[in-house]
Amino acid sequence: MTTLKINEQMRSTSAPDEMPLLWVLRDELSLTGTKFGCGMALCGACTVHLNGQAIRSCLTPVGSAAEQPVHTIEHMQSDKVGRVVQQAWVDLNVAQCGYCQAGQIMSAVALLKTSPKPSDRQIDDGMSGNLCRCGTYPRIRAAIQLASRRLAGDKA
Amino acid sequence: MNPADSSLVRRRFLQASAAPFALVMGLDAAAQDAGPKKYGADSMSGGTVGRPEVFVSIAGDGTVTIVAHRAEMGTGVRTTLPMVVADEMEARWDRVQVVQAPADEARYGNQNVDGSRSVRHFFAPMRRVGAAARQMLEAAAAARWGVPVGEVRAAQHEVLHTPSGRRLGFGELAVEAAKQPVPARDQVQLKKPADWRYIGKGKTTGIDQAAITRGQATFGMDAVLPGMVFAVVARPPVVGGKLKQADTAAALKVPGVIKVVEIPGFQGAPVFQPLGGIAVVARNTWAAMQGRAALNPQWDDGPNASYDSAAFRHEQAQAVKSPGTVYRNNGDAPRVIGEAPGERRLSADYFVPHLAHATMEPPVATALVNDQGCEIWTSTQNPQAALDGVAATLKLKPAHVKVNVLLLGGGFGRKSKPDYVTEAALVANAMPGTPVKLVWTRDDDIHHGYYHAVSLDHLEAAVKPDGLPEAWLHRTAAPTITSLFAPGAKAAAPFETGMSATNMPFAVPNVRVERAEVSAHARMGWFRSVANIPHVFATQSFIAELAHRAKQDPLKYALAMLGPDRKIDPTTLSDVFNYSESPVDYPIDTGRMRAVIEAAARGARWGRKLPKGHGLGLAFAYSFVSYTATVVEVAVGRKGELTVVAVDMALDCGPQVNPERIRAQMEGGAVMGLSLAMSSEITFENGRVQQSNFHDYQVLRHAQSPRIIRTHLVGGDTRLPPGGVGEPPMPPVAPALTNAIFAATGKRIRSLPVRDQLSQAST
């Protein structure tokens, strides 16, 4: 039995330690906001926060996440940065199909927590692990910049 | 929301919705003229339905519920069409909720979200739905007050009696409105475009935006049903292959694995049938994958085992050297070219490889079979085809199959082929009472797609002394999509040659378009903008090459080739396709084409002095009865490092129903067009796809994406019939990029993707 701290709640799973966290979240806990895209940490759709760091849950063994704080997209309304990022996404109508956007937002929140005013280069570096097939990259960039301004207290 | 719940909600809604507008009528069906040839929506299965009682219901509290009958794959249609209804009926958008229709074309009209047709075909019917509902609300209020209906008008969720100032909310009128006669089609009074509140404004936030950003939207991948189990399938690596043996005992030993189910291979044409293979069912997706890994299946590869991309490219290159089947002929292009002196002749071959759609959500479907039939929850572009496929395969009556349509994590044409839905139904059929979610991994998606056809296009021209072409020969060689439906088919369909080959509208006196026939050895499928991709890449590259040969500015040259503004009947160009639209209603208007070219050029400030290593490239296309032009600015470094600095894209799609989503489609088309131009390629060896995931099937990432994409909406004439939006942004992007690379470096890219061709050139 593994104890997990998911979105501030204690959960337990009997999944084997090597099973990726993604499938525990999705198939056992029905936390389906975290998406499956590639299974090889190539697309970022499965991004969650482990100890505040953006990680790819599709390759993270659940055993390695035991008893450490895991946060998923479902928690971001309760996260100060997360809430602002989500609102910026809505205000700029970022999503097209929307499937990758949970992962994009989780990476963006992690980026803004380490780099509150990210440069274009920092956005490239922080976000290039997250693929979007619909091509919403320019709006994602704009939404990160908008969220950054709002978090800094600007009204924009 | 749990789709099991939403399904129940939907059933209740459908019953409830019958109450407010429970009137039987046949507006659109009765009004259709029985002509010899049908165009547009009338040529599609299910046609259109303009009945308010099918699409609109009003609750006592005033909540207006509007049915979205077309699936959402990212175009915004789930917002746009209900928004049209809301606008015409004067409903307030913040009082509207949208529910998704299950598969039922007899009830809702055509549901196949494909071919950039949703707004094109349903703008007018949805306007009539909303307007008819408004008139019924007005009639109900007039009856309540005992006043002439001419004295009342609906506005913003209320009906007002102007002389007395009395007003009633929509909720208060719902029951009586439902008892009013539905206005006959010729009595429906549409709003004047000047009175639209939402249409054309682009101020409406997407209906799913908030749920998506919170991880609460339900995609096909997210269906959750009580007691659900999970399946993955080992499929034959070569199309047409058969399972010889598999170690099912080893798979069943994997903890969590419950069952293995053999899936029969398709018979006859592939169509949308499963490829066959063996499914492993488990308590979770990961256990199913582990079980599959233990199967060690052996295959009989069948007739496509020798398919090899390098050899096939050679075959295509040979094929275009000889005359092919003629699809268009004006004058005598081969003779004029043959007699022209060498310095007046130009020829070039252009190549576009197979492509995979690679939707971010791989194909997925959940199925439950019980004594009542089969219920499906899935992301599909083509719900009715999914339903029909399941019914035929399980030998059920269509009425005993229900297909619930969840959000699609991308479509691009892949999810109009519901092979994965039938797979899920077959596995569920082997375990009645247990819901089965059948997931494709990314490997599955890349290995077992319906690929964009590998294309080789040969262009030849003879030019006049002024540098403009006197003769134009276009010979294309690509496996046909019709091979999906007729095994062994080689001849092109009109919908392939009619995408920017036979219907090229340039002012050239001698034109021949030919097809050299080659065979298909994998499943060919339509991919966002389909045959326009190779044809526009080839023709727009060739025009830029001709301009260079003539030492003329590519923009001026392109406009000269386009000739004077005129409306061309596409049938005079041998195009019997014209995207299935009437040649009378949808002529090819070179004036509209010129306007988008000029808008894109203006946006990019064409002709300005550029920094060293920079270049501008132009391309344009008529596709899906819309007009697009793109200018790309690139910077190429000394070692061939390619940066896309900016993209300017102009589009004239006629009426701009939801301009904000139109711009989103243009931005997305620019990025996806650059992906295929710069990075993406599927190749086969021994009949097997050689790529497997995003490390070797590459698509654009943030850092490669242009930071500047300027979108220019041109035209917008609301008197015109609407054009497509989803696909038209794609075709001009690749040639605009390679034309820009040529302008920057003098290096002509004739084979996609660009990948490392520039660094090779510089070493």
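Residues numbered from 1 in each chain as written. Chains lettered and ligands numbered in written order. Predicted model: local features only at pLDDT ≥ 70, side-chain atom pairs only at ≥ 80, totals over all residues.

## A short note on the overall build of chain A
Put simply, the rule is: Helix numbering and strand numbering both begin at the N terminus, where a helix is a DSSP run of H or I of at least 4 residues and a strand a DSSP run of E of at least 2. Computation of the radius of gyration draws on C-alpha atoms alone. For the globule rule, the value is 2.2 Å times the number of residues to the power 0.38. Partly exposed residues are those falling between the two cut-offs: more than 12 but fewer than 20 other C-beta atoms within 10 Å of their own, whereas 20 or more means buried and 12 or fewer means exposed, with C-beta atoms placed from the backbone. With C-beta atoms placed from the backbone, a contact is any residue pair whose C-beta atoms sit within 7 Å.
From N to C terminus, chain A includes five helices and five strands. Along chain A, helices (α) and strands (β) appear in the sequence β-β-α-β-β-β-α-α-α-α when read from the amino end. Radius of gyration (C-alpha) of chain A: 15 Å, near the 15 Å computed for a compact globule of 156 residues. Within chain A, the proportion of its 156 residues that are buried is 58%. Within chain A, contacts between residues separated by at least 24 positions form 60% of all contacts whose residues are at least 6 apart in sequence.

## Regarding the interface of chain B and chain A
Note the cut-off: Amino acid classes used here: Ala, Val, Leu, Ile, Met, Phe, Trp, Tyr, Cys and Pro are nonpolar; Asp, Glu, Lys and Arg are charged; the rest, including Gly, are polar.
Contacts between the two partners involve 48 residues from chain B, matched on the other side by 47 residues from chain A. Those elements that place two or more of their residues in the side of chain B that touches chain A are α8 (209-213), α10 (285-293) and α20 (659-678) of chain B. Taken together, the residues of the side of chain B that touches chain A sort by class into 21 nonpolar, 18 polar and nine charged.

## Concerning helix α14 (residues 419-429) of chain B
In terms of burial, α14(B) is largely enclosed, as 10 of its 11 residues are buried. Residues of α14(B) that are buried: Asp419(B), Tyr420(B), Val421(B), Thr422(B), Glu423(B), Ala424(B), Ala425(B), Leu426(B), Val427(B) and Ala428(B).

## Some thoughts on the domain arrangement of chain A
All names here are of chain A. Here is the rule we go by: Annotation comment: domain bounds sourced from an automatic or database domain assignment.
On domain assignment, one finds that chain A holds domain 1 (2-74) and domain 2 (76-151). Measuring from the centre of the C-alpha atoms in domain 1 to the corresponding centre in domain 2 gives 20 Å. At the junction of the two partners, domain 1 supplies 15 residues and domain 2 supplies 13 residues. For the side of domain 1 that touches domain 2, the element with the highest residue contribution is strand β3 (residues 47-50), accounting for three residues. Its residues placed into classes, the side of domain 1 that touches domain 2 shows six nonpolar, eight polar and one charged.

## Brief notes about the sheet that holds strand β20 (residues 510-515) of chain B
Residue and element names in this part refer to chain B. Here is the rule we go by: At least two bridges found by DSSP between two strands are what make those strands a pair. The angle between two axes is taken between their N-to-C directions and runs from 0 to 180 degrees, where each axis is a line fitted to C-alpha atoms and a helix contributes only its stretch in contact.
Reading across the sheet, the five strands line up as β12-β20-β19-β18-β13 and stay open at both edges, with mixed pairing between neighbours. In this open sheet, the two edge strands, each paired with only one partner strand, are β12 (325-330) and β13 (345-352). Adjacent strand axes in the sheet meet at a mean angle of 10°, parallel and antiparallel pairs treated alike. Bridging between β12 and β20 involves five bridges; their strand directions are antiparallel. Bridged to Arg 328 within β20 is Val 513. Here helix α11 (residues 309-319) sits on the sheet in contact with β13, β18 (455-463) and β19 (469-477), set at roughly 30° to β18. In the packing of helix α17 (residues 532-549) onto the sheet, the strands contacted are β13, β18 and β19, and the crossing angle to β13 comes to about 150°.

## What about the environment of Pro102(B)?
Following the sequence through the fold, Pro102(B) ends up in the loop between β3 (96-100) and α5 (105-108). Remark: the alpha-carbon pair of Pro102(B) and Trp526(B), spanning 424 residues in sequence, is separated by 24 Å.

## Quick look at the sheet that holds strand β4 (residues 152-155) of chain B
Residue and element names in this part refer to chain B. A sheet is described by the order of its strands in space; here three strands give the open sequence β4-β5-β6, paired in antiparallel fashion. Edge strands, defined here as strands with exactly one partner in the open sheet, are β4 and β6 (166-169). Strand-to-strand twist across the sheet, computed as the mean angle between neighbouring axes with direction ignored, equals 25°. Where strand β5 (residues 158-161) meets β6, four bridges bridge the pair, whose relative direction is antiparallel. Its bridge partner being in β6, Leu 160 is matched across the sheet by Arg 167. Against the sheet, helix α6 (residues 118-145) contacts β4, β5 and β6, and its axis sits at roughly 135° relative to β4. Packing against the sheet, helix α7 (residues 170-179) makes contact with β5 and β6, and its axis sits at approximately 75° to β6.

## Here we look at the nonpolar core
All names here are of chain B. We count it as follows: Take the buried Ala, Val, Leu, Ile, Met, Phe, Trp, Tyr and Cys residues, join any whose C-beta atoms are within 7 Å, and the set you get is a nonpolar core.
Formed by 285 residues in total, the largest nonpolar core has its most connected members in Ala 231, Val 280, Ile 376, Ala 424 and Leu 737. It is α6 that provides the largest number of residues to this core, a total of 12 residues. Setting aside residues up to four positions removed in sequence, Ile 376 forms contacts with Ala 365, Thr 366, Ala 367, Ala 386, Val 390, Lys 402, Val 403, Asn 404, Val 421, Ala 424 and Ala 425.

## Some words on the domain arrangement of chain B
Residues and elements named next belong to chain B. What the domain assignment reports for chain B is domain 1 (3-213), domain 2 (220-302 + 363-439) and domain 3 (309-355 + 450-762). For domain 1 and domain 3, the distance between their C-alpha centroids amounts to 38 Å. The interface of domain 1 with domain 3 comprises 20 residues on the first partner and 22 residues on the second. Listing elements by their share of the side of domain 1 that touches domain 3, those giving two or more residues are α4 (77-89) and α6. For the side of domain 1 that touches domain 3, the element with the highest residue contribution is α4, accounting for four residues. Tallied by class, residues from the side of domain 1 that touches domain 3 come to seven nonpolar, 11 polar and two charged.

## Quick look at the packing of α4(B) against α6(B)
Residues and elements named next belong to chain B. We apply this condition: Crossings are assigned a handedness: left-handed for a near helix turned anticlockwise from the far helix by less than a right angle, right-handed for a clockwise turn.
One way to put it is that α4 packs onto α6 with a least axis distance of 6 Å and a crossing angle of 35°. Two packed elements cross with a definite hand, and for α4 against α6 that hand is right-handed. For the pair formed by α4 and α6, the contact residues are Val 77, Thr 80, Leu 81, Val 84, Val 85, Ala 86, Asp 87, Glu 88 and Met 89 on the first element and Ser 118, Val 119, Phe 122, Phe 123, Met 126, Arg 127, Val 129, Gly 130, Ala 131, Ala 133 and Arg 134 on the second. Here the contact of α4 with α6 is composed, by residue class, of 13 nonpolar, three polar and four charged.

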